[in-house]
Amino acid sequence: MSLATPTKTVQKLQTSLQTKAKAEPAFRFYALWDKICRSDVIEEAYRHCRANGGAPGIDGISFEKIEVVLVIGPIFEPDMLANQYGFRPELDAKMAVRQVLWHITQRGKREVVDADLRDYFTTIPHGPLMRCLIRRIADGRLLRVIKGGLIVPVVERIGRRVIRTATARNTKRGTPQGSVISPMLANLYFRRFLLAWRDHGHQDQLDAHVVNYADDFVICCRPGNAEMAKTRMTALMTRLGLEVNETKTRLARIPEDNITFLGYTLGQFYGKEGRAYIGTRPSRKAVKSLLKRIHDRTTRRWYADTPENTVADLSRLLRGWCGYFDQGPVMETYNLIREYVNRRLRHWLGRRTGDYGRGFERFTQEYLHDTLGLYRIPRRRADLPRAKV
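Read on for an overview of the structure. Residue numbers here run from 1 along each chain, matching the order of that chain's written sequence. This being a predicted model, a pLDDT of at least 70 is required before a residue's local features are given, and a value of 80 or more before pairs of side-chain atoms are given or counted; all residues contribute to the totals for chains, interfaces and linings. No hydrogens and no water enter the side-chain calculation; it runs on all heavy atoms of the structure.

1. A closer look at the nonpolar core
Point 1. In terms of nonpolar packing, the biggest core is built from 61 residues, with Ile 72, Phe 193, Trp 197, Phe 217, Ile 219, Met 233 and Met 237 touching the most fellow members.
Point 2. Strands here mean DSSP runs of E at least two residues long; helices mean DSSP runs of H or I at least four residues long; both are numbered from the N terminus. Considering every element that reaches this core, the biggest residue donor is helix H10 (residues 182-199), with eleven residues.
Point 3. Setting aside residues up to four positions removed in sequence, Ile 219 forms contacts with Glu 111, Val 112, Val 113, Trp 197, Ala 208, His 209, Val 210, Ala 229 and Met 233.
Point 4. The term nonpolar core refers to a set of buried residues drawn from Ala, Val, Leu, Ile, Met, Phe, Trp, Tyr and Cys, joined through side-chain atoms within 4.5 Å. Exposed residues in this analysis have more than 50% of their type's maximum accessible area, buried residues have under 20%, and partly exposed residues fall in between, with area computed by a 1.4 Å probe over protein chains only. If you look at the next biggest cluster of nonpolar residues, it comprises 49 residues, including Val 112, Ala 252, Ile 254 and Leu 314. Whether two residues are in contact is decided by their heavy atoms, any of which lying within 4.5 Å being enough.

2. What to know about the pattern of salt bridges
Pairing is possible between side chains of opposite charge, provided their charged atoms come close.
Point 1. The term salt bridge refers to a side-chain nitrogen of Lys or Arg lying within 4 Å of a carboxyl oxygen of Asp or Glu. Enumeration over the complete set of coordinates arrives at 20 salt bridges.
Point 2. One salt bridge connects Asp 79 with Arg 135, and the closest N-O pair in it is separated by 2.9 Å. Note that Asp 79 is positioned in the loop between helix H4 (62-76) and helix H5 (93-106) and Arg 135 in the loop between helix H7 (126-134) and helix H8 (140-150), a separation of 56 residues in sequence.
Point 3. A relative accessible area of 30% means that Arg 135 is categorised as partly exposed.
Point 4. Glu 111 serves as the salt-bridge partner of Arg 253, at 3.2 Å between the closest nitrogen and oxygen. Of this pair, Arg 253 sits in strand S6 (residues 250-253) while Glu 111 is found in strand S1 (residues 111-115), placing the two residues 142 residues apart along the sequence.
Point 5. A relative accessible area of 38% places Arg 253 in the partly exposed class.
Point 6. Within this structure, Arg 297, Asp 305, Asp 313 and Arg 316 form a network of salt bridges that share partners.

3. Digging into the packing of H10 against helix H12 (residues 226-239)
Point 1. An axis is simply a line fitted to the C-alpha atoms; with a helix, the fit covers only the stretch in contact. Between two such axes, the angle follows the N-to-C directions and lies from 0 to 180 degrees. One way to put it is that H10 packs onto H12 with a least axis distance of 10 Å and a crossing angle of 135 degrees. Taken as axis vectors, H10 and H12 run oblique relative to one another. Along this stretch, H10 crosses H12, giving a crossing that reads as right-handed. Residue-level contacts link Phe 190, Phe 193, Ala 196 and Trp 197 of H10 to Ala 229, Arg 232, Met 233, Leu 236 and Met 237 of H12.
Point 2. For the contact of H10 with H12, the per-class residue count stands at eight nonpolar, no polar and one charged. Comment on the angle field: the value is read as roughly parallel under 35 degrees, roughly antiparallel over 145, roughly perpendicular from 65 to 115, and oblique elsewhere. Take the far helix as the reference: if the near one is turned anticlockwise from it by less than a right angle, the crossing is left-handed, and if turned clockwise, right-handed. Each residue is assigned to one of three groups, with Ala, Val, Leu, Ile, Met, Phe, Trp, Tyr, Cys and Pro labelled nonpolar, Asp, Glu, Lys and Arg labelled charged, and all others, Gly among them, labelled polar.

4. Structural notes on the pairing of S1
Point 1. Counting buried residues in S1 gives five out of five residues, a clear majority hidden from the surface.
Point 2. Burial of S1 is two-sided: the residues Glu 111, Val 113 and Ala 115 facing one way and the residues Val 112 and Asp 114 facing the other way are all buried.
Point 3. Across five bridges, the pairing between S1 and strand S5 (residues 216-221) is antiparallel. Looking at the pairing, Val 113 lines up with Ile 219 of S5.
Point 4. Any two strands with at least two DSSP bridges between them are considered paired. With four bridges connecting them, S1 and S6 associate as antiparallel partners. Of the residues in S6, the one forming a bridge with Val 113 is Leu 251.

5. Notes on the state of the cysteines
Cysteine pairs can be covalently joined through their sulfur atoms, and such a bond is termed a disulfide.
Point 1. To count as a disulfide, a pair of cysteine sulfur atoms needs to be within 2.5 Å. Tallying each qualifying case throughout the model produces zero disulfides.
Point 2. Left without a disulfide partner, Cys 220 is nearest to the cysteine sulfur of Cys 221, which lies 7.2 Å away.

6. Looking at the sheet that holds strand S4 (residues 208-213)
Point 1. Overall, antiparallel pairing links the four strands, which are arranged S4-S5-S1-S6 in an open sheet. Only two strands of the sheet have a single neighbouring strand rather than two, namely S4 and S6. The average undirected angle you get between the axes of adjacent strands in this sheet is 20 degrees.
Point 2. Most of the contacts of H10 go to S4, to which it runs at about 170 degrees, and overall it touches S4 and S5.

7. Some thoughts on the environment of Gln 203
Point 1. Along the chain, Gln 203 turns up in helix H11 (residues 202-206).
Point 2. Separated by 18 residues in sequence, Gln 203 and Cys 221 place their C-alpha atoms 9.0 Å apart.
Point 3. Non-local contacts of Gln 203, meaning those with residues more than four positions away in its chain, are made with Trp 197, Arg 198, Ala 208 and His 209.

Structure (structure tokens):
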């Protein structure tokens, strides 16, 4: 009988840990370090790192951080709340957007606190965060490793210089920037706010429901309650050692106002025959950002690159953008993007060979898509894989 592959054995370990954590919400796990050092966990960490094109950084602990997440992630996953959508298995940002739309359209929560925290990831206090971990983890060695990772210097290369900053060590705040463990730690600490919001009665008293993705969140409220919800939210965040960005936090009343959440604008739009409806569409900022990236990839600095490489880069960009922004009436936006990328690509192809014409005859649609392989942006809603909202 052949041995199970490392992936299967790691999955079995994760399932066992998650099942135990879910069955016993107060259980603390003691012997975890030996599991982190298992050969199959180490191999799986290497596989994850290699799949992302990564390699150990200057601090030399990239693999170790992945190993830690592989083991403790399943322990804390059952503790996460249903309205936390960021960096969790089988959940994504579009689900969070749809949940906000559901609260607005189906539950009448048409007053929204569009909240913003000031530098959330870099201001999470280490002491309370460690207490969140200790609630489930009793393995002292593992806790020391995680705590050490919180204060590791940030290393940047500028030219030939290597600059180290120890802000986290000095302030005792923040999670490691770009670390694989940061999203989990951020979710774990934000959970404290969500529990307080629910268990202290704010959710029921104000009929105000939070939808959270990483450090982004909104509070969907019954009309007339948004102002009080904002006040109570600010007080809770202050108690947690976090700061609400007052200049960016606003109250919106749908349909008079709209909000932008996770790249989508939610508000009132007009469909066929001018019929008004509450829905979503890609935000102007998201569209402008994409057009800028297309422009930057088709400037003269890229003339030395091959058409195949340029088209491959553009296709990855377009495929990812359209894969995320496929909710609501997106065809008009898709048409704009299609026209822009076709024009920019023809311009780039012609200029790099000294041709200053518009390139329609030389670089036909068939050439762009069939020969170079440019991603075909959907022209109909039926072409979208899972069109919703």
